[in-house]
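Descriptive structure summary
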Amino acid sequence: GRMWAYSVGFTVLPHVGGFLGWFLNRKGIPAWYEKLKKPSWCPSRRVFPVAWTMLYTGMGYASYLVWNDLGGCSSKAIVPMGLYGAQLVLNWAWPPLFFGAHNLNMVM
């Protein structure tokens, strides 16, 4: 029972920051993003929610598998989970920088 809750929690966690980033920038995304000069192969912005949902779900569940395999909150889990946490924070930070600040240089 308890492991099920952990697996769901780890899987949902990446979506929290992703949702907040979208929610805070939802009004500025369509107008500003559509005006950007993009290559012909750039996907429609409708693809991004689907792609990020799949990516965040995979990242979250993989983090649970690593955490579980290393014995939960053990000293072995500190480095991999710390690195995962750092990249997750960077993942959450780029939408406000890109869409909110409209600053392409900060996300390159």
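What counts and what doesn't
- Residues numbered from 1 in each chain as written.
- Predicted model: local features only at pLDDT ≥ 70, side-chain atom pairs only at ≥ 80, totals over all residues.
- Heavy atoms only, no water.
- UniProt positions renumbered as here; feature names shortened; annotations may be inferred.
- Helix = DSSP H or I, 4+ residues; strand = E, 2+ residues; numbered from the N terminus.
- Contact = heavy atoms within 4.5 Å.
- Core = buried A, V, L, I, M, F, W, Y, C linked by side-chain atoms within 4.5 Å.
- Buried < 20%, exposed > 50% of the residue type's maximum accessible area, 1.4 Å probe, protein only.
- Patch = residues over 30% accessible without salt bridge, like charges linked within 9 Å, V, L, I, M, F, W, Y side chains within 5 Å.
- Areas by Shrake-Rupley, 256 points an atom, 1.4 Å probe, with all protein chains shown as cover.
- Salt bridge = Lys/Arg side-chain N within 4 Å of Asp/Glu carboxyl O.

An unreviewed UniProt entry annotates the chain as TSPO protein originating from Setophaga kirtlandii. If you open the UniProt record of the chain and go to Sequence similarities (unreviewed entry), you find "Belongs to the TspO/BZRP family." Listed under Subcellular location (unreviewed entry) in UniProt, the entry text for the chain is "Membrane".

Attention now goes to the side chain of Asn-91. Its place among the elements puts Asn-91 in helix α4 (residues 78-100). Excluding its chain neighbours within four sequence positions, the residues that come into contact with Asn-91 are Trp-52, Tyr-56 and Met-59.

Taking the numbering used here, the UniProt-annotated feature "transmembrane region" (unreviewed entry) corresponds to residues 6-25, 46-66 and 78-99. Overall, residues 46-66 shows 95% helix and 0% strand. The separation of its end C-alpha atoms is 31 Å.

With nine residues, the main nonpolar core is built from Phe-10, Tyr-56, Met-59, Tyr-64, Trp-67, Ala-77, Met-81, Tyr-84 and Leu-88. Elements that contribute at least two residues to this core include exactly α3 (47-69) and α4. Counting residues per element, this core draws most heavily on α3, which supplies four residues. Non-local contacts of Trp-67, meaning those with residues more than four positions away in its chain, are made with Met-3, Tyr-6, Phe-10, Gly-72, Cys-73 and Met-81.

The subject of this paragraph is a nonpolar patch on the surface. Together, Trp-4, Val-8, Val-12, Leu-13, Val-16, Phe-19, Leu-20, Trp-22, Phe-23 and Leu-24 make up a nonpolar patch on the protein surface, roughly 1000 Å² of accessible area in all. Inspection of the secondary structure assignment puts Val-12 in helix α1 (residues 2-25). Judged by its relative accessible area of 42%, Val-12 is partly exposed.

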